[in-house]
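Remarks on the overall topology
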Amino acid sequence: MANVTELKAVLKDTLEKKGVLGHLRARIRAEVFNALDDDREPRPSLSHENLLINELIREYLEFNKYKYTASVLIAESGQPVVPLDRQFLIRELNAFEESKDNTI
């Protein structure tokens, strides 16, 4: 019985380190919210401003390796799956990019 307990602990630890458990938890949450979502009430269209804001949030999430949270954001917000071009974002936000480290 101890071997089974140890195996479960090692398996859980390995899956956590690889991010698999986090992915599964995020996926389950997203599916639960999708199941609870009322399809009769359509989402408002994605405005230009919200598109830009969501893209900044996505960039933040991906920079910090919150890839599963980013996937939920994309699924729930209607954000395009392919990230917006960074130069487009810079122009739209009237920002500038630091050449040495690619930060805005």
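Residue numbering note: each chain is counted from 1, following its sequence as written. This being a predicted model, a pLDDT of at least 70 is required before a residue's local features are given, and a value of 80 or more before pairs of side-chain atoms are given or counted; all residues contribute to the totals for chains, interfaces and linings. Excluded from the side-chain calculations are hydrogens and water; all other atoms, namely the structure's heavy atoms, are used.

Per an unreviewed UniProt entry, the chain carries the name Centrosomal protein 20 and comes from Propithecus coquereli. UniProt positions are given in the numbering used here, feature names are shortened, and annotations may be inferred rather than shown by experiment. UniProt lists a comment for the chain under the heading Function (unreviewed entry), and it reads "Involved in the biogenesis of cilia. Required for the recruitment of PLK1 to centrosomes and S phase progression."

1. Points about the packing of helix α1 (residues 2-17) against helix α2 (residues 20-36)
Lines fitted to C-alpha atoms define the axes here, with helix axes fitted over just the stretch in contact, and angles between the N-to-C directions of these axes take values from 0 to 180 degrees. Elements are defined by DSSP. Helices are runs of H or I of four residues or more, strands are runs of E of two residues or more, and each kind is numbered from the N terminus. Viewed as axis vectors pointing N to C, α1 and α2 meet at an angle of 75 degrees, and their least axial separation amounts to 5 Å. Here α1 lies roughly perpendicular to α2, going by the angle between them. Two secondary-structure elements touch here, α1 through Lys12, Leu15 and Glu16 and α2 through Val20, Leu21 and Arg25. Class assignment of the residues belonging to the contact of α1 with α2 gives a composition of three nonpolar, no polar and three charged. Relative orientations are named as follows: roughly parallel for angles under 35 degrees, roughly antiparallel for angles over 145 degrees, roughly perpendicular for angles from 65 to 115 degrees, and oblique for any other angle. Any two residues whose heavy atoms approach within 4.5 Å at even a single point are treated as in contact. As a working rule, the residues Ala, Val, Leu, Ile, Met, Phe, Trp, Tyr, Cys and Pro are called nonpolar, Asp, Glu, Lys and Arg charged, and the rest polar, with Gly in that last group.

2. Notes on the domain arrangement of the chain
By domain assignment, the chain separates into domain 1 (1-40) and domain 2 (42-103). What fixes the domain bounds is an automatic or database domain assignment. Centre-to-centre, using C-alpha coordinates, domain 1 lies 26 Å away from domain 2. With nine residues of domain 1 in contact, the opposing surface of domain 2 contributes five residues. When two parts are brought into contact, each loses some accessible area as probed by a 1.4 Å sphere; the total of that loss over both is the buried area. Buried area between domain 1 and domain 2, summed over both chains or domains, comes out near 520 Å², and the portion from carbon and sulfur atoms is 56%. We define a salt bridge as a contact between a side-chain nitrogen of Lys or Arg and a carboxyl oxygen of Asp or Glu at a distance within 4 Å. At the junction of domain 1 with domain 2, the criterion picks out zero salt bridges. Whenever two N or O atoms come within 3.5 Å, that pair is a polar contact, provided that in protein one can donate a hydrogen and the other can accept it, and provided that, for residues adjacent in sequence, both atoms are side-chain atoms. Across the domain 1-domain 2 interface, the total number found is one residue pair in polar contact (both at pLDDT 80 or more). In the side of domain 1 that touches domain 2, the residues fall into three nonpolar, three polar and three charged.

3. Describing the pattern of salt bridges
Tallying each qualifying case throughout the model produces four salt bridges. Arg58 is the partner of Glu55 in a salt bridge, and the nearest nitrogen-oxygen pair spans 3.1 Å. One end of the pair, Glu55, and the other, Arg58, are both in helix α3 (residues 48-63), three residues apart, so they sit about a helical turn from each other. Owing to a relative accessible area of 3%, Glu55 belongs among the buried residues under this scheme. In this structure, Glu59 engages Arg86 in a salt bridge whose closest nitrogen and oxygen atoms are separated by 3.1 Å. Placement of the pair is Glu59 in helix α3 and Arg86 in helix α5 (residues 86-92), with a sequence separation of 27 residues. In this scheme, a residue with accessible area under 20% of its type's maximum is buried, one over 50% is exposed, and one in between is partly exposed, where area comes from a 1.4 Å probe on protein chains only.

4. What to know about the side chain of Gln79
Along the chain, Gln79 falls in the loop between α4 (67-77) and α5. From its side chain, Gln79 meets the backbone oxygen of Leu51 in a polar contact 3.0 Å long. In terms of polar contacts, Gln79 uses its side chain to reach the side chain of Asn54, at 3.3 Å. If we ignore the near neighbours within four places in the chain, the residues touching Gln79 are Leu46, Asn50, Leu51, Asn54, Glu55, Arg58 and Ile74.

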